[in-house]
Structure formats: structure tokens, C-alpha cells
Amino acid sequence: MSNETNKYHFDSLIRPWRNRLYSMAYRQAPSKEIAEDWTQETLLRAWKGFHKLDQQVAIYAWLLKILNHVIADDARREIRRNELAPMHTTDDKFLNEHPSASPGPFETLMNQQSEQHMSAMIKSLPDMFKDIILLRDVERLSYEEIGDILELTKGTVMSRLSRGRRHLASLLIKSATKDEHLSRNNPQKGKS
Amino acid sequence: MSDNELTPKKTRFNELHLQLQDLLAGYADDELTAQEVDVVEAHLIGCAACRADLERQQIMSRQLHQLNAATMSVTLDRQIDEALQMQADKEASAKNQISHFFKRMWEVCTRIGSAKQTGWVMTVVMLMIFVLPNIKPNSVSNIPMIKDAVSDYHRVENSDLPMLPVNNKMVMPVNIAGSQLLATWTTEIGGESAQAFAVKVGHSVIIQYRISQNVLYRNPSVRKAVSTTGDFRAEQDQLEILALPINEEGLLIVGPRNAMSSAKKLLTKSEGSGVVNL
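In short, a report on the structure.

Cut-offs used in this document
- Residues numbered from 1 in each chain as written.
- Chains lettered and ligands numbered in written order.
- Predicted model: local features only at pLDDT ≥ 70, side-chain atom pairs only at ≥ 80, totals over all residues.
- Heavy atoms only, no water.
- Helix = DSSP H or I, 4+ residues; strand = E, 2+ residues; numbered from the N terminus.
- Buried < 20%, exposed > 50% of the residue type's maximum accessible area, 1.4 Å probe, protein only.
- Contact = heavy atoms within 4.5 Å.
- Axes fitted to C-alpha atoms, helices over the stretch in contact; angles between N-to-C directions.
- Parallel < 35°, antiparallel > 145°, perpendicular 65-115°, else oblique.
- Left-handed = near helix turned anticlockwise from the far one by under 90°.
- Buried area = accessible area lost by both parts, 1.4 Å probe.
- Polar contact = N/O pair within 3.5 Å; in protein donor to acceptor, adjacent residues only side chain to side chain.
- Pairing = 2+ DSSP bridges.
- Salt bridge = Lys/Arg side-chain N within 4 Å of Asp/Glu carboxyl O.

When helices and strands are tallied, chain A shows 10 helices and 0 strands. Helices and strands appear in chain A in the N-to-C order α-α-α-α-α-α-α-α-α-α. Residues counted as buried form 53% of the 192 residues belonging to chain A. In chain A, of all internal contacts separated by at least 6 residues, the share reaching a separation of at least 24 is 70%.

With that settled, the discussion passes to the environment of Leu152(A). As for its position among the elements, Leu152(A) is in the loop between helix H9 (143–150) and helix H10 (154–185). Once you skip the residues sitting within four places of it in the chain, Leu152(A) turns out to touch Ile132(A), Gly147(A), Val157(A), Arg160(A) and Asn158(B).

Once that is clear, we can look at the packing of helix H1 (residues 3–14) of chain A against helix H3 (residues 32–48) of chain A. Residue and element names in this part refer to chain A. Axis separation between H1 and H3 bottoms out at 11 Å; the angle between their running directions is 130°. Between H1 and H3, the angle falls in the class oblique. Note that H1 runs across H3; the crossing there is right-handed. Only Leu43, Ala46 and Trp47 of H3 make contact with H1, whose side of the interface consists of Asn3, Asn6, Lys7, Phe10 and Ile14.

Attention now moves to the interface of chain B and chain A. Across the boundary between the two partners, chain B contributes 58 residues, which contact 58 residues of chain A. Both sides together, the interface formed by chain B and chain A hides about 5300 Å², and carbon and sulfur atoms give 55% of it. When the buried surface of chain B facing chain A is broken down by residue, Arg56(B), Met60(B) and Leu84(B) rank first, second and third, together holding 13% of it. Scanning the region where chain B abuts chain A turns up 31 residue pairs in polar contact (both at pLDDT 80 or more).

With that out of the way, let us pick up the side chain of Lys130(A). Here Lys130(A) is to be found in helix H8 (residues 127–138). Residue class for Lys130(A) comes out buried when judged on its relative accessible area of 4%.

What follows concerns the pairing of strand S2 (residues 192–201) of chain B. All names here are of chain B. Among the 10 residues that make up S2, 7 are buried, leaving the element largely enclosed by the rest of the structure. As paired elements, strand S1 (residues 180–189) and S2 share 9 bridges and run antiparallel to each other. Counterpart to Thr186 in the pairing with S2 is Gln195. Between S1 and S2, which pair antiparallel in sequence order, lie 2 residues; one of them, Gly190, sits at a positive phi of approximately 60°.

Under the definition given, this model contains 24 salt bridges over all chains. With a shortest N-O distance of 3.4 Å, Asp127(A) and Lys130(A) are connected by a salt bridge. With Asp127(A) and Lys130(A) both in helix H8 and 3 residues apart, this pair spans about one turn of that helix. No difference in accessibility class separates Asp127(A) from Lys130(A), as the two residues are buried. Note that Glu192(B) is salt-bridged to Arg218(B), the shortest N-O span being 3.6 Å. Placement of the pair is Glu192(B) in strand S2 and Arg218(B) in the loop between helix H8 (213–216) and helix H9 (220–229), with a sequence separation of 26 residues. The partly exposed category is assigned to Glu192(B), whose relative accessible area is 26%. The network of salt bridges with shared partners includes Arg136(A), Asp137(A), Arg140(A), Arg165(A) and Asp29(B).

Below you can see the structure in the form of C-alpha cells.
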């Protein structure tokens, strides 16, 4: 197959996923410029590996796997890949006693969060939680696909998702409570 | 017996409670087997904390799915198209150059040798010089206890540490000042059962493996190093491994290079352990 034909096939398969790929990079990158670099590098690596691509593979999951490697390889990142993540259990005092942690008030709190704030909270998560929450809760990939992208077993995907969601809930409640406290003390300042 | 004392029934409940928490996401997302669903549902009946956690997970998952995607700019789109085209052109050009190179090599080699075989031999030799990577022998990967410890470390890196029970009485073999015991489990090192201790040192995890002297001294390189310097040190897969005798046992310590160097400075004599000279 000539290079031109190959390139045509590559474009037709990959182009529909480009924007979503960029969105995933953007949700993880510290800046727009870095997200753009990651997206471009991912697509270049995808092109280089295209000839090895199995006909049966899900294209988007394949691209996300490459993106995961690109992010891991980026020397500009803080070394957070192996950062130990906090381990909240369901017995966590804060989550059991805070008024906003009960399901009803928690749903109200979630509805009040801006997209910008939610995205910022997700970005602040340790990588091991951020990756999984983005792939499952934002992108709605299956546990099997997530396991393949992140090279984890299904059990590990499940446990990290449980712990990650718990940690994110804790962060959101603390952040919302802090904002409430600040606006009560400074009634003239509007909530951002 | 007071209410606070742990009865066997309470201990079993606590252990199950810790284990099942990690299944709650799977339950929320319909990713559990029928058997797992039964076990989780039975637990949820009696556990308000887990029920509340499950509801929060379901609420959060629904909300996060509604987040809007970021959009790529037209400039970025164009930039990527140009970069891909450049890469494709570069590869096409390289392919032409390589086939031209080998064609010339073949012509030169057949002119040098009288027989066609000389040409083939020379081409294969040139291929080996340019194509084969520089292979260095790996001297520690053939030591079973090192191989097992590194493999176990990587296994733990890619999965989650088991939760430490509330009433844990396990003491790690060596104290590292400022460190925290995270988890302990049983594994196999050098063909024998070994107790592993995951310890947090700064932002990294170091694992200590308590092994028998039989396993420690099995390899002649290790025996020689221990008798000369008191310990055996190796590096593999960006990890550092330290093997040394302690009391009448052996100890393997595995961790990332940066964490190991600070850990070695902070190693102190542990209660009941032998002297550790580093």
C-alpha cells in the first residue's frame, strides 16, 4: 500500500476522534499549550504505529492509550505519576459528619458547581485518580477499555475509581464549604 | 468484654467492610458479577456509610458525564495536518534512501567478492552493524530473588496496596526515620514465602521483603558481596535493590533510586534487629 493511501486511511479513521482526544488532553494538562503539544505528539505517534494497528481495536481507546504514554513521557510534568494518593475509606470522619456529604445535600452541591470549578477539581487530583475518573465518568469507557489504556487489571480500575470518587467528593465538599464561608464573611464579594 | 473490644465477628465485618468498599464503583456502574452483587447488597443493608458513599458516587458520575468537551482551534487542526504530512513525506523519502543504499551496498559487495555469497555476507554484516541494538548483558536478572522482588514491586505499582487492618501488629524489619508503614502481605521470593512491607518514604514507596538466609545466600555473587562489603546492591528497571543479612534472616529492600538514596541515610537500628552498616 502506498504511503499516500495509508495516509488517507489514517485520516479517515482518526479525524472524527481528534477533538475528543484534545479535550482529554486539555482536562489533564496544566496549560492549553501543553494540551496542544500532547495532542499533536499523540497523533504523530499514532501515525507511526498505524501500520501495526489491529483491525479489531477500538480507535479511540487506542489513541487514549498513546496519549497516556505521551503524558507519562513528558519531562515537563511534575513527577506525580507515583505520587501516593490519599486513601479515604467510607468511614472517613469528614464524609460521615459533614452536612453536605449526605446524598441529598451533596446532589444540591454538585448542581451548584460551575464546569470550570469541576474541571479544576479534577485536574488537582493525583494522576492515578484523575485518569480513571476522566476515562470512566467523563468519557464513559468500560472498565475493560480503561484497563487496557492504563495497563491495569479490572480490579485495580474498580478500586481506584471507588477511592478516586471518594477523594473527589471530599475535595468538592471542602472547596464548596470554604467558598460559602468566604462569601459569608465578605457579603459584598460575589461568588466566583 | 467492652463494646470497643474487637470480637471475631466484628473483626470479620471490618475486614469485609474494607474489602467491599473497593467494589462500590463496580456496583454503581453495573460492572460486578452476580455473586459480587449479592455480597455487596448484603453488606449495604447493614452499612449506612457504604450506602451513602454509593449514592455520592452515582450522583458524581452522572454530573461529570455532563461536562462539555473542549474544542480544538482551527490553527491547531491545521498545525497537526502539516506535522503529519511532514512526517509521512519524511518516511517516504527515508524508505527510498534505504532501498537505494542497500542496492549500492549489494553492487559494491558483489564487485569486491568473486562469488555472490561474499556480497550476501557483507550485506548481512553491514545490517548487523547498523540495525542490531547494542545488547548489554543484564547481570542481576538471573538472580531469582532479585527478579521476584522487582516483579512483585512492579505488580504492586500497577495495582492497589491492600488496606492495613485497624489492629495491625506487624512490625517492619527495619525502621526508616520519618517513614510510614502502608501495607503488608505475603509473597514468594526465591521460591520461598516472604513477608512484604510497603513503606512510604517522602513521596515514594519502598518495599522491604523479609526472606530466609537460605534465599539470601543462594547466589554466589550475593555471597561474595555480603562477605566483602556487608550487603549486595543492584539496579534494575530504574529500581535499586539492597540485600543484606539481619539477625538470622535476610532482607531485600526495593525502591526507586531517589527514594533509596534518602532511605539509606535515614536507616536506623530497628528494635530487635541486627546492626545495619551502610
